[in-house]
Amino acid sequence: MQFDPVLYHDWHPVMRAELFTDGTVQKTCLLGVDVVLWQAAGVIHAMRDLCVHRGAKLSLGKIVNDCIMCPYHGWQYDASGQCVHMPAHPEQTPPAKARTDVYQVSIRYNLVWVCLGEPTKAVPPFPEWDEAGYGHAVCGPFGDIKAHGPRLIENFLDAAHFPFVHEGVLGDPTRPTLGDYEARITADGVESDPIEVYQPDPYGGIAGRVTYTYHAYRPYTAHFTKHMPAATNGMVMTLTPHDDGVCSVWFLVATSAVSDHVTLETNYTPRIAAILAEDVAVVESQRPELLPLDMQAELHLRSDRVAIAYRRWLAQLGLKAGVA
């Protein structure tokens, strides 16, 4: 996968935190890098999934003495990535170069986030997550989606496709008009004014006009606040970029309509899965597969103002992965 410093120094969700207890070993691929995650003494660690002795995957090993042990020759690596024990030579202090790369970990929104580099910011915000009276849920991961991150995020930021891709749920093709709005680039990313749309089946409300206010906090993390007649929803879409053109998608949900977290996750996950499947069918068909940052490459309307701001922001950031 092409090295992209913007993504390398950002946080990415990789796994549900609830999967971990002491002794747990998990694996993932992030930005083309094989990563092993493991927990010892109540702390989750992430490091390159590689024993430097003979190249075996540490994720095939187990936790011994609060270290992760390679399954091949039993080398033990501590939380700093340093090998501290070589069973074939127990009297020998492992050399300093007997170490594997270690990555930073953060636990937020019930997810484990990993940064391969040096993060310049905290995990992306989710304004509604900690609001009193809101239920919240993690939906996903929905994996192995064959699309580049910027195409997926731009689709999430686009309310104009609702009547046609999500007919009968998020939109009505006989009432496709969006309210006028502006979008802008800020110090925190991209934000829009509230965008008014007609929805026949707004979750937590009745059919009628609702508003979406969009934010793109990071190149691969976006958010909206949805105001409905009977409730307010917040949603974050955030991606795990595994390799070129392969992502997993997570949705974080908070709503004033449901306070019970288990009920919300149980009810909302199949709904999101169905909507995402409709989106993926379209996004995977888009050509070029990479999101064009040249504003002359595709046509744009007033209803595309969030997408236009997002593309311009990515160009300002210098994003290289997933864009043309």
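Look a little higher up for the structure.
Residues numbered from 1 in each chain as written. Predicted model: local features only at pLDDT ≥ 70, side-chain atom pairs only at ≥ 80, totals over all residues. Heavy atoms only, no water.

Trainee: Describe in detail the sheet that holds strand E2 (residues 25-30), supporting the description with residues and values.
Mentor: Spatially, the six strands line up as an open sheet ordered E1-E10-E9-E4-E3-E2, and their pairing is antiparallel. For this open sheet the edge positions go to strand E1 (12-16) and E2, each flanked by a neighbour on one side alone. The average angle at which neighbouring strand axes cross in this sheet is 30 degrees, direction not considered. (Pairing = 2+ DSSP bridges. Helix = DSSP H or I, 4+ residues; strand = E, 2+ residues; numbered from the N terminus. Axes fitted to C-alpha atoms, helices over the stretch in contact; angles between N-to-C directions.)

Trainee: Run through helix H5 (residues 305-317), naming residues and quoting values.
Mentor: The first and last C-alpha atoms of H5 sit 18 Å apart over 13 residues, in line with the 18 Å expected at 1.5 Å per residue. Looking at H5, one finds that the buried residues are Val306, Ala307, Ile308, Ala309, Tyr310, Arg311, Trp313 and Leu314. (Expected span 1.5 Å × (residues − 1). Buried < 20%, exposed > 50% of the residue type's maximum accessible area, 1.4 Å probe, protein only.)

Trainee: Help me get a handle on unusual backbone geometry, residues and values and all.
Mentor: At the junction of glycine 140 and proline 141, the peptide bond is cis and its omega measures out at 10 degrees in the coordinates. Tracing the chain through its elements places proline 141 in strand E11 (residues 135-145). With omega at 0 degrees, the peptide bond leading from arginine 287 into proline 288 counts as cis. Its place among the elements puts proline 288 in the loop between helix H4 (261-283) and H5. For aspartate 66, which is not glycine, the phi dihedral falls at a positive 60 degrees. Tracing the chain through its elements places aspartate 66 in the loop between strand E5 (62-64) and strand E6 (67-69). Not every positive phi belongs to a glycine, and aspartate 144 is a case in point at roughly 55 degrees.

Trainee: So what's going on with the nonpolar core? Residues and values would help.
Mentor: With 66 residues, the main nonpolar core has Leu37, Leu152, Leu157, Tyr214 and Phe251 as its most contacted residues. With seven residues, H4 is the single largest residue contributor to this core. Sequence-distant contacts of leucine 157, that is, excluding residues within four places in its chain, are made with Tyr214, His215, Ala216, Ala222, Val306 and Tyr310. Within the second largest apolar cluster, 15 residues are counted, among which are Cys51, Ala56, Ile68 and Ala98. (Core = buried A, V, L, I, M, F, W, Y, C linked by side-chain atoms within 4.5 Å. Contact = heavy atoms within 4.5 Å.)

Trainee: Could you give an account of the pattern of salt bridges, naming the residues involved and the relevant values?
Mentor: A pair can form between side chains of opposite charge whenever their charged atoms are brought close. Per the stated rule, a full pass over the model turns up 14 salt bridges. Across the salt bridge formed by glutamate 191 and arginine 184, the nearest N and O atoms sit 3.1 Å from each other. What makes glutamate 191 partly exposed here is its relative accessible area of 26%. Since its relative accessible area comes to 29%, arginine 184 is described here as partly exposed. Residues joined in a network through salt bridges with shared partners are Arg151, Glu154, Glu298 and Arg311. (Salt bridge = Lys/Arg side-chain N within 4 Å of Asp/Glu carboxyl O.)

Trainee: Residues and numbers for empty space enclosed by the protein, please.
Mentor: Here the structure, examined in full by the defined rule, presents three cavities of 30 Å³ or more. Here the largest cavity is characterised by a volume of approximately 300 Å³. For the largest cavity, the lining is made up of 20 residues, of which Phe156, Leu170, Phe224, Met235 and Ile275 are closest to its centre. Mapped by element, the contributors of at least two residues to the lining of the largest cavity are helix H2 (149-156), strand E16 (221-227), strand E17 (232-243) and H4. Among the elements that line the lining of the largest cavity, the one with the most residues is H4, at six residues. Among the residues forming the lining of the largest cavity, the class breakdown is 13 nonpolar, four polar and three charged. Here the second largest cavity is characterised by a volume of approximately 60 Å³. Lining the second largest cavity, in full, are Met1, His148, Gly149, Tyr220, Pro241, Asp243, Asp244, Gly245, Cys247, Ala321 and Gly322. A per-class count over the lining of the second largest cavity returns five nonpolar, four polar and two charged. (1 Å grid on protein atoms, 1.4 Å probe; cavity = no way out; pocket = protein on both sides within 12 Å on 5 of 7 lines; lining within 4 Å. Points joined across faces, edges and corners; volume = space filled by probe spheres on them. Nonpolar A, V, L, I, M, F, W, Y, C, P; charged D, E, K, R; others polar.)

Trainee: Got a sec to walk through the packing of H2 against H5? Specific residues and values, please.
Mentor: Pairs of packed helices are described in terms of their axes, by the angle between the two and the distance that separates them. Put simply, H2 and H5 touch, their axes get as near as 10 Å, and they point 150 degrees apart. Overall, the two elements H2 and H5 adopt an arrangement that is roughly antiparallel. Taken as a pair, H2 and H5 cross one another with a handedness that is right-handed. Contact residues: Pro150, Arg151, Ile153 and Glu154 in H2; Ala307, Tyr310, Arg311 and Leu314 in H5. Considered class by class, the residues forming the contact of H2 with H5 number five nonpolar, no polar and three charged. (Parallel < 35°, antiparallel > 145°, perpendicular 65-115°, else oblique. Left-handed = near helix turned anticlockwise from the far one by under 90°.)

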